[in-house]
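Working through the structure, step by step
Listed here are the chains, written in short residue letters.
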Amino acid sequence: MAKYLLLKHYRGAPEAPNGVPMDQWTPAEIDAHIQYMNDFAERLEGTGEFVDSQALSAQGTFVRSDGPGRPPVTDGPFAETKDLIAGWMVIDVDSYDRALALAGELSAAPGAGGEPIHEWLELRPFMGVPTTVDE
């Protein structure tokens, strides 16, 4: 089994065909999206492929060291042009092809108008996981 991270982006990924921002969705559309995500995770729990997932707030700050004895340097809250992660899911699957298939399925979660978002998800193997894709 090999672990992969599926990253969902608020910003920073290519534009999705149904890219209406979630803050413009109706409460019912948000509920349907979350239910799809929960059902997807529950199904993967049943197959032993689900590891963990979390949704993240749109708020955040970049932080770095400014040297010994100096306070951390911050850059935030996030500027509108910065990449912003909406959430993530970790899966543990038998192959890279299985990870691709699951990412494609998760990309079809419903969004505005109840239509699939077809969002771009970032699929990243954990360190030490061989893939069949040239990087």
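Up top is the structure these notes are about.
These lines cover the structure that appears in this document, whether it is placed above or below. Everything quoted here is computed from the prediction, not taken from an experiment.

When you go through the protein chain residue by residue, the secondary structure sums to two helices and six strands. The N-to-C order of helical and strand elements in the protein chain reads β-α-β-β-β-β-α-β. When the 135 residues of the protein chain are sorted by exposure, 30% land in the buried category. Taking all contacts inside the protein chain whose residues are at least 6 apart in sequence as the whole, residues at least 24 apart take part in 75%. Accessible surface computed for the protein chain: about 8,600 Å², of which carbon and sulfur atoms make up 55%.

Here we come to the sheet that holds strand β6 (residues 122-125). Spatial strand order, β2-β5-β1-β6: four strands in an open sheet with antiparallel pairing. Unpaired on one side and paired on the other, β2 (50-55) and β6 mark the two borders of the sheet. Each neighbouring strand pair of the sheet contributes to a mean axis angle of 20°, computed without reference to strand direction. Packed on one face of the sheet, helix α1 (residues 27-47) meets β1 (2-11), β2 and β5 (84-93) and runs near 20° to β5. Across the sheet, helix α2 (residues 96-106) lies against β1, β5 and β6, angled at about 140° from β5, the strand it touches most.

What the rule picks out here adds up to one aromatic pair. Ring geometry for Y4 against Y96: centres 6.2 Å apart, planes inclined by 50°, an arrangement best described as tilted. Note that Y4 is positioned in strand β1 and Y96 in helix α2, a separation of 92 residues in sequence.

The rules behind the values
Residues numbered from 1 in each chain as written. Predicted model: local features only at pLDDT ≥ 70, side-chain atom pairs only at ≥ 80, totals over all residues. Heavy atoms only, no water. Helix = DSSP H or I, 4+ residues; strand = E, 2+ residues; numbered from the N terminus. Buried < 20%, exposed > 50% of the residue type's maximum accessible area, 1.4 Å probe, protein only. Contact = heavy atoms within 4.5 Å. Areas by Shrake-Rupley, 256 points an atom, 1.4 Å probe, with all protein chains shown as cover. Pairing = 2+ DSSP bridges. Axes fitted to C-alpha atoms, helices over the stretch in contact; angles between N-to-C directions. Phe/Tyr/Trp six-rings, centres within 6.5 Å; stacked < 30°, edge-to-face > 60°.

Fair warning: the whole summary comes from geometry, so function is off the table for now.
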